[in-house]
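# Understanding the architecture of this molecule
Take a look at the letters that make up each chain.
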Amino acid sequence: MKGMNRRGFVRASAAVAAAAMTRPAIAAPAQDAPDSGRVRRFKPLGKTGWRVGDVSAGSGQRDPAVLNYIFESGINLIDTGFQYAGHEELVGKVLPKWRDKVFVLDKWDPPLVTATVTKSALLEALDVSLQRLNTTYVDCMMLHSIGHPRYGGLERIQNPAIYEAWDEAKRLGKVRFTGASSHGVRMIEDMNWGLDNNRFDLILIGANFLTHGAEPLLKKARAKGVGTIAMKTMTTYKSDLNIQALQNEQTNARQACLKWILASDLFDTLVVSMPNYDRVAEYLAVSGTTSLTARDERYLRTVAAAVGPRYCRPGCGACHGACPHGVPVADILRYKMYFEDYGEEKFAMQRYGLVPASTRPSRCAGCAAPCEAACPYGLRVRERLSEADRQLRFA
Ligand code: SF4
Ligand code: SF4
């Protein structure tokens, strides 16, 4: 750990969070009594029967000891997937010790799931993931990145082989529940199809205090007993580190972003990348939040002013189709975010490398930028795309 040691950090973060909480929510189970570095609130995860902590773990770890610390802290859902290089294997190193205490949410590799993929191919891929995870079952197997034009249209998730594979996997005891994740431009449409056709037990969607439009979908999910999980909760993730006005604050804007999700009560839980002890402690410190303080709201206003004009919202498809050259605006701006805010430079450049040359921002020169006219958030899309091309292109 860098800087403050773990205990000191936990104490400082907990003090801030305790001051921020004005009333307790659902009582945690007795074995999870409030503690400086533990999950403080548990909620039903849809109709799964699982009581999930309000703060759950995304990927990002490199060290199995961090995963053990996460689970020792009472976090009882881990979000992983085939696509997160090496993460299933890392989870597999500690999972046997925690198997009945942790809800494992896994995902097929997005390019695998097509309109023509076969049931046997899906089941084989599931077996590979089970082997990597060092377990005989996952609690939820998800379709990953639905509503994402790169991987196909709605017909992709209408493939009956998917549902035959899920049924077979459930029958064999390899999968308990099923669902889908998305932060794509057709997130709302594809998720609605899945809900209307009773295909999902859980949905995992990109949402935070700067996104809008998912509330009816979430309401429908709740009415059907479908569990709701938020991801991309941090907007640009490292935003507070780049905002001068927040440099000397005792807490940080990342916590305020998480608290907004918790206080909204729109979700059963949220998943957030927890790469190290500091981040685990920082995020646990806001567990139990049911309302925002005036200071949280001030942080969020500061973040909105700094980030809002350059932040391409997950799940927003407003400019999709506006570009006459088919430039995948939302994808490229997301890779840019990975590069400059997440510190995932290599991954961002690899993803950008998959964008065909014919649809890269070189097409923007001399264009009247109808994409900008279509953006409800006033993003200077053309300028941001040109910057992205300079950052992400291999020399
Ligand atoms: S500025 Fe670029 S992304 Fe926007 S419409 Fe023109 S070519 Fe497409
Ligand atoms: S650029 Fe604007 S309109 Fe396009 S996806 Fe991003 S936020 Fe939505």
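Residues numbered from 1 in each chain as written. Chains lettered and ligands numbered in written order. Predicted model: local features only at pLDDT ≥ 70, side-chain atom pairs only at ≥ 80, totals over all residues. Heavy atoms only, no water.

Evaluated as defined, the whole model comprises nine aromatic pairs. With a centroid separation of 6.5 Å and an interplanar angle of 35°, the aromatic rings of Tyr335 and Tyr338 are classed as tilted. A residue pair is termed a helical-turn pair when its members lie 3 or 4 positions apart in one helix, as Tyr335 and Tyr338 do in helix α12 (residues 329-340) at three residues. The exposure class assigned to Tyr335 is buried, which follows from its relative accessible area of 1%. A connected cluster of aromatic rings, assembled from ring pairs, spans Trp108, Tyr163, Trp166, Trp193 and Phe200. We note Arg99 situated over the ring of Tyr137; from NZ or CZ to the ring centre the distance is 3.8 Å. Its guanidinium or amino end placed over the ring of Tyr163, Arg199 lies 3.9 Å from that ring's centre, counting from NZ or CZ. (Phe/Tyr/Trp six-rings, centres within 6.5 Å; stacked < 30°, edge-to-face > 60°. Helix = DSSP H or I, 4+ residues; strand = E, 2+ residues; numbered from the N terminus. Buried < 20%, exposed > 50% of the residue type's maximum accessible area, 1.4 Å probe, protein only. Lys NZ or Arg CZ within 6 Å of the ring centre and 35° of its normal.)

Let's shift gears to the site of ligand 2. In the neighbourhood of ligand 2, the contacting residues comprise Cys312, Arg313, Cys316, Ala318, Cys319, Val329, Cys375, Pro376, Tyr377 and Val381. Looking at the shell around ligand 2, its residues break down into nine nonpolar, no polar and one charged. (Near = heavy atom within 4 Å. Nonpolar A, V, L, I, M, F, W, Y, C, P; charged D, E, K, R; others polar.)

Here we take up the site of ligand 1. Near ligand 1 lie 13 residues; those nearest to it are Cys323, Cys364, Cys367, Cys371 and Leu385. Among the residues forming the shell around ligand 1, the class breakdown is 10 nonpolar, one polar and two charged.

A word on the pairing of strand β8 (residues 202-206). Note on strand geometry: in a regular strand, side chains alternate between the two faces of the sheet. Extensive coverage of β8 is indicated by the burial of five of its five residues. When strand β7 (residues 175-182) meets β8, the two strands line up parallel, connected through four bridges. Bridge pairing in β8 places Ser181 opposite Leu204. Bridge count for β8 against strand β9 (residues 227-231) is five bridges, and the pairing is parallel. By the bridge assignment, Leu204 is partnered in β9 with Ile229. Note that the unit made of β8, helix α8 (residues 215-223) and β9 has a crossover that is right-handed. (Pairing = 2+ DSSP bridges. Right-handed = clockwise from strand over helix to strand, strands pointing away.)

We now examine α8. For α8, the set of buried residues is Leu217, Leu218 and Ala221. Buried residues of α8, viewed axially, fall in a sector of 95°; they line one side. Among the exposed residues of α8, those oriented more than 90 degrees off its buried face are Pro216, Lys219 and Ala223. Against the buried residues of α8 lie α7 (187-196), β8 and β9. Gly225 lies just past α8 and shows a positive phi near 75°. (Arc of directions from axis to C-beta. Contact = heavy atoms within 4.5 Å.)

This part covers the confidence of the model for the chain. Mean pLDDT for the chain: 87, with 88% of residues reaching 70 or above. Throughout residues 1-35 the model reports pLDDT below 50, and contacts reaching past four residues in sequence, or to other chains, amount to 56 contacts. (pLDDT = per-residue confidence, 0-100.)

A few words on the side chain of Thr178. Mapped onto the elements of the fold, Thr178 is located in strand β7. Filtering out sequence-adjacent residues up to four positions away, Thr178 remains in contact with Cys140, Met141, Trp166, Lys170, Arg199, Phe200, Asp201 and Leu202.

If you trace the backbone, Thr136 turns up in the loop between α4 (119-133) and β6 (138-143). Among the residues examined, Thr136 registers a relative accessible area of 61% and is labelled exposed. Between the C-alpha atom of Thr136 and that of Arg99, which follows or precedes it by 37 residues, the distance is 9.9 Å. Excluding residues within four positions of it along the chain, Thr136 makes contact with Leu130, Gly173 and Lys174.

Moving on to the side chain of Gln61. Considering the arrangement of structural elements, one finds Gln61 in the loop between β3 (55-57) and α2 (64-72). Of the polar contacts made by the side chain of Gln61, one reaches the side chain of His87; its length is 2.6 Å. Engagement of the side chain of Gln61 in a polar contact is seen with the backbone oxygen of Met274, the distance being 3.1 Å. Setting aside residues no more than four positions away along its own chain, Gln61 makes contact with Val66, Leu67, Ile70, Ile78, His87, Leu90, Met274 and Pro275. (Polar contact = N/O pair within 3.5 Å; in protein donor to acceptor, adjacent residues only side chain to side chain.)

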